[in-house]
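# Understanding the architecture of this molecule
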Amino acid sequence: MIALPLFALALGALLQDRAAQPAGRWYARVRGARVAVAASLDRGFVSEVYDACSPSVALVLPRGVRNTTAQGSGFVVAIGGDNYILTSAHVAAGGTTVGVALPADGFAARHGAHVVGRAPGGEDLAILSLDDAEVAGGLTPLEFGDPGALRPGSFVIALGHPSGILGAVTLGVLSGRVELPAFDSAAGSATRNDGDGKGDDVAASAMVPFLVTDAAFAGGMSGGPLCGEDGRVYGVNTLVDGRLRGLGNLAISGDRARRAAETIVAREKAGARSICREVRLVLYNDRFNTRARVLGALCEAGLGEEEANAVMMGAHTSGRGIVRIFRAGAVADVVGDDGRGEPGTTALTDEVVEAAERLRAVLAAADLLVELERVY
């Protein structure tokens, strides 16, 4: 008895509204509402984007001190005719070794990889290269889209591998845009996400553009792609700002990520064609080792106590301290982070490089976060 009068009132209001408008305008209004409702219910494009993009989304497996393991995400990009894995720098932090698992074999195999470089402009980005060129050549790269073409409310789709879930996908919209201070790509640390530490070579004033979305991110999705309805990459999943709750998911803008990736590869290729002047053994700051333990490991490796303290001070204050600098014809006992001394001008011999690698291996075996850097 109550429903009929309510229905009659609604029908009367609709007819009255129709009578007050031209027929064409009234029909367009109703038809537009129907299309909008249908569009809001149709999510088939999410599965289509997932099917097209997920085969290119890698599982990145860094291994750090004391064999601590974590996981992150990355995706295949083509730069200069070669395939690489683009990921977050905090996933491939300084001193870690990196492996990559791929969807093609159900993530069953762990493929060796190495860090080509981390973004010099302070973006939380790193480029990985698979050690097996044949496997790398068989991967399918994703294409970047123009983030400027996205309007607030545009659908975006996040892909990645959060802990315990391989091949996760979430749907949201572009909520806004924001710029944040640069991440320390050299030290591989992220104070705004799941790492810590500070670096010494990124200007504090550098700003990085981010896309803000309500598409959910979770630990392990860092480095994965944020795609549009067309299957192109518009951002790189980077961090979660808990203060914004559901709106706190931030991805580095795709155009900035593409330029950073191209710069990393260009610098690496330019260096490969140049004479390597020196190799630096760098100690990174970490959250696991005590001061006494690091001091003991450095001294056991041949450093004096004063030298070891200088290295640790560099790592503590700037995120990285130089243990040794290896140059052509000699090994320079340079410690700290000032890099004093004139570099050699001749190519390094195999013996010098092997000496650097032996010392790195000794310190790595002692669970120190160490990494070799080539200077050209």
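The structure presented is a predicted model; accordingly, all values stated were derived computationally and were not measured.

## Concerning the sheet that holds strand 10 (residues 225–227)
Strand order in the closed barrel formed by six strands is 7-8-9-12-11-10, with antiparallel pairing between adjacent strands. Averaged over all pairs of adjacent strands, the angle between strand axes in this sheet comes to 45°, irrespective of strand direction. Both strand 10 and strand 11 (residues 233–240) contribute to a ladder of three bridges, which runs antiparallel. Directly across from Pro225, in strand 11, lies its bridge partner Val236. Lying on the sheet, helix 3 (residues 44–53) is in contact with strand 7 (155–160), strand 8 (168–181) and strand 10; it crosses strand 7 at an angle near 40°.

## Considering the nonpolar core
Counting 33 residues, the largest nonpolar core has Leu86, Leu125 and Ile127 as the members making the most contacts within it. Breaking this core down by element, the ones donating at least two residues are helix 3, strand 2 (72–79), strand 3 (82–87), strand 7, strand 9 (207–213), strand 11, strand 12 (249–253) and helix 5 (254–272). Ranked by residues supplied to this core, first place goes to helix 5 with five residues. Apart from the residues lying within four places of it in its own chain, the contact partners of Ile127 are Val77, Ile79, Tyr84, Ile85, Leu86, His114, Val115, Val116, Gly117, Ala261, Ile264 and Val265. One finds Ala297, Ala308, Phe326 and Leu348 within the second-largest nonpolar core, a separate group that totals 23 residues.

## Quick notes on the pattern of salt bridges
Counted according to the given criterion, the structure contains 12 salt bridges. With its nearest N and O atoms 3.4 Å apart, the salt bridge here joins Arg232 to Asp230. Between Glu373 and Arg320 there is a salt bridge, with its nearest N and O atoms 2.6 Å apart. In this pair, Glu373 is assigned in strand 16 (residues 370–375) and Arg320 in strand 14 (residues 320–327), connecting sequence segments 53 residues apart. You'll find Glu373 and Arg320 in the same group, each marked buried.

## So, the environment of Met312
Mapped onto the fold, Met312 is located in helix 7 (residues 305–318). Residue Met312 is classed as buried on the basis of its relative accessible area, which comes to 8%. Along the chain, Met312 and Val294 lie 18 residues apart, while their C-alpha atoms are 7.7 Å from each other. Those residues within four positions of Met312 in sequence are excluded, and the remaining contacts are Arg291, Val294, Leu295 and Leu298.

## Considering the sheet that holds strand 2
The antiparallel closed barrel is built from six strands, whose spatial order is 1-2-3-6-5-4. The sheet shows a mean angle of 45° between the axes of neighbouring strands, direction not considered. As defined by bridge partners, strand 3 adjoins strand 6 (residues 126–130) across three bridges and the pair is classed as antiparallel. Bridged to Leu86 within strand 6 is Ile127.

## Notes on the confidence of the model for the chain
In the predicted model, the chain carries a mean pLDDT of 81, and the fraction of residues at 70 or more is 77%. For residues 1–15, every residue scores under 50 in pLDDT, and the model assigns this stretch one contact once sequence neighbours within four places are set aside. Across residues 332–345, confidence stays below pLDDT 50; counting only partners more than four residues off in sequence or on other chains, it has 40 contacts.

Conventions adopted
Residues numbered from 1 in each chain as written. Predicted model: local features only at pLDDT ≥ 70, side-chain atom pairs only at ≥ 80, totals over all residues. Heavy atoms only, no water. Pairing = 2+ DSSP bridges. Helix = DSSP H or I, 4+ residues; strand = E, 2+ residues; numbered from the N terminus. Axes fitted to C-alpha atoms, helices over the stretch in contact; angles between N-to-C directions. Contact = heavy atoms within 4.5 Å. Core = buried A, V, L, I, M, F, W, Y, C linked by side-chain atoms within 4.5 Å. Buried < 20%, exposed > 50% of the residue type's maximum accessible area, 1.4 Å probe, protein only. Salt bridge = Lys/Arg side-chain N within 4 Å of Asp/Glu carboxyl O. pLDDT = per-residue confidence, 0-100.

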